[in-house]
Amino acid sequence: MDSSVILNQMFLYVLLFPSLATSLLTTTTTTPCRSFCGTIPINYPFGIDDGCGAIQLRHTLNCTSPDLFFLTPSGSYKVQHIDYLKSTLTIYDPSMSTCSILQPHHDFLMTDIQTAVIPPSSDTVFALLNCSVDSPVLNHYRSLCFNVSSHSCDELYASCNAFRVFRLLTNSTPPCCFTGYDTVRYMSMNILDCSHYTTVVDADGMRGVSPLDWVYGIKLSYGLPDRGCDRCSASGGTCGFDTETEGMLCLCSGSSNGTRQCGAGSFTAGGVRRGCSMLTLFIGFTLSIGGGFMLLRPAGGPGVSSFIGSL
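As recorded in an unreviewed UniProt entry, the protein goes by the name non-specific serine/threonine protein kinase, listed as coming from Linum trigynum. Taken from UniProt, the Subcellular location (unreviewed entry) comment for the protein reads in full: "Membrane".

Laid out in structure tokens, this is it:
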């Protein structure tokens, strides 16, 4: 078929079916993944929309704008900061006791997957407060308690208004224990026989600093294998996963997602090569529904009316 005839066919088709032609030539540029929650940027491995981020952290973050929350079996913890360079996420437990407020005790629990890929960092200290003399960490598991920059239980109870009540009630200094996350992971507060706990970020920064000025919260340190997300990001996509198969996807603008990257030559999850020009798609579509007949007749051939009559 002469190329001029094909172009004439395309032109007439646009005139006859403008809405269908427009839909073929129009693509959406919106991304399926939100990149911010309030002022906190959301990048891989995190995601606040299902299918975005790493599959291991699926349903871990919830955005209730303007606040971002980290979800665990024991509750929702407000995210204060994400440091993508240091691979850390700092959260705060609104129900946790601090130097200025005493609240009912509860356990801090994480799923096995969360514990494996985003556990509390080694410089996050759990301070167990108002422990009984029979507490396991003061007897058989005494080695689980460690010295934190020479801070003592007496200093903790004396400096903090919230914790001073423990000493007033017993007319003494109740035992306390500075420990790591694994202690509270394997033993509940009831087993530990301590009435309350608090958590402090940056153990090294506690040296010479009064409990009034400690940074209260929990710093989580994440580590996930490199799955080629830099390649996906460089191509304009966002690393995510198929919500049904849970296989990795490079989420791209428009309706097509690549398994590794976006752009010409990438493959979608269904194995269809992207990168065909819209002109090629349009010509193929025109020829497929036309069955080989012509919209504009060549010499001696059927005219436009013959085509319209055949529809």
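Quick look at the state of the cysteines now. What the rule picks out here adds up to nine disulfides. The disulfide that involves C99 links it to C160, with 1.9 Å between the sulfurs. Negative torsions about the S-S bond denote left-handed disulfides, and the value of about -95° found for C99 with C160 makes this one left-handed. In this pair, C99 is assigned in the loop between β6 (88-92) and α3 (112-117) and C160 in the loop between α4 (153-159) and α5 (161-170), connecting sequence segments 61 residues apart. The disulfide that involves C232 links it to C250, with 2.1 Å between the sulfurs. What sets the handedness of the C232 and C250 disulfide is the S-S torsion sign, and at about 90° it is right-handed. In this pair, C232 is assigned in helix α8 (residues 229-234) and C250 in strand β13 (residues 248-251), connecting sequence segments 18 residues apart. Comparing C232 with C250, the two get one shared label, buried.

Before going further, it helps to spend a moment on the nonpolar core. Counting 55 residues, the largest nonpolar core has L68 and L128 as its most contacted members. Top element by residues in this core is strand β7 (residues 124-131). It accounts for six residues. Aside from chain neighbours lying at most four places away, what touches L68 is C37, I40, I42, I48, L61, N62, C63, Y77, K78, V79 and I82.

Glancing now at the sheet that holds β7. The strand order across the open sheet built from four strands is β8-β7-β9-β10, with neighbouring strands paired in antiparallel fashion. Of all the strands in the sheet, just β8 (177-179) and β10 (215-216) have a single pairing partner and so form its edges. Note: strand β9 (residues 194-201) against β10, two bridges, orientation antiparallel. Bridge assignment links V200 to a residue of β10, and that residue is Y216.

Once that is clear, we can look at the side chain of T183. For T183, the location among the structural elements is in helix α6 (residues 181-186). Excluding its chain neighbours within four sequence positions, the residues that come into contact with T183 are V137, L144 and L192.

Spatial strand order, β3-β4-β5-β6-β11: five strands in an open sheet with antiparallel pairing. With one partner strand each, in any of the chains shown, β3 (61-64) and β11 (218-221) form the two edges of the open sheet. Shown here is a sheet whose adjacent strand axes are inclined to one another by a mean of 40°, direction ignored. One ladder, built from four bridges, connects β3 with strand β4 (residues 67-72); its direction is antiparallel. In the strand pairing of β4, C63 is matched with L68.

Looking now at the pattern of salt bridges. Pairing is possible between side chains of opposite charge, provided their charged atoms come close. Inspection of the entire model under this criterion finds six salt bridges. Taking the shortest distance from any N to any O, the salt bridge between E246 and R58 comes out at 3.5 Å. Of this pair, E246 sits in the loop between β12 (238-241) and β13 while R58 sits in the loop between β2 (40-41) and β3, and the two are 188 residues apart along the sequence. Residue class for E246 comes out partly exposed when judged on its relative accessible area of 42%. Residue R58 is classed as partly exposed on the basis of its relative accessible area of 23%. A salt bridge links D154 to R167; the shortest N-O distance between them is 2.9 Å. In this pair, D154 is assigned in helix α4 and R167 in helix α5, connecting sequence segments 13 residues apart.

Rules used in this analysis
Residues numbered from 1 in each chain as written. Predicted model: local features only at pLDDT ≥ 70, side-chain atom pairs only at ≥ 80, totals over all residues. Heavy atoms only, no water. UniProt positions renumbered as here; feature names shortened; annotations may be inferred. Disulfide = S-S within 2.5 Å. Helix = DSSP H or I, 4+ residues; strand = E, 2+ residues; numbered from the N terminus. Buried < 20%, exposed > 50% of the residue type's maximum accessible area, 1.4 Å probe, protein only. Core = buried A, V, L, I, M, F, W, Y, C linked by side-chain atoms within 4.5 Å. Contact = heavy atoms within 4.5 Å. Pairing = 2+ DSSP bridges. Axes fitted to C-alpha atoms, helices over the stretch in contact; angles between N-to-C directions. Salt bridge = Lys/Arg side-chain N within 4 Å of Asp/Glu carboxyl O.

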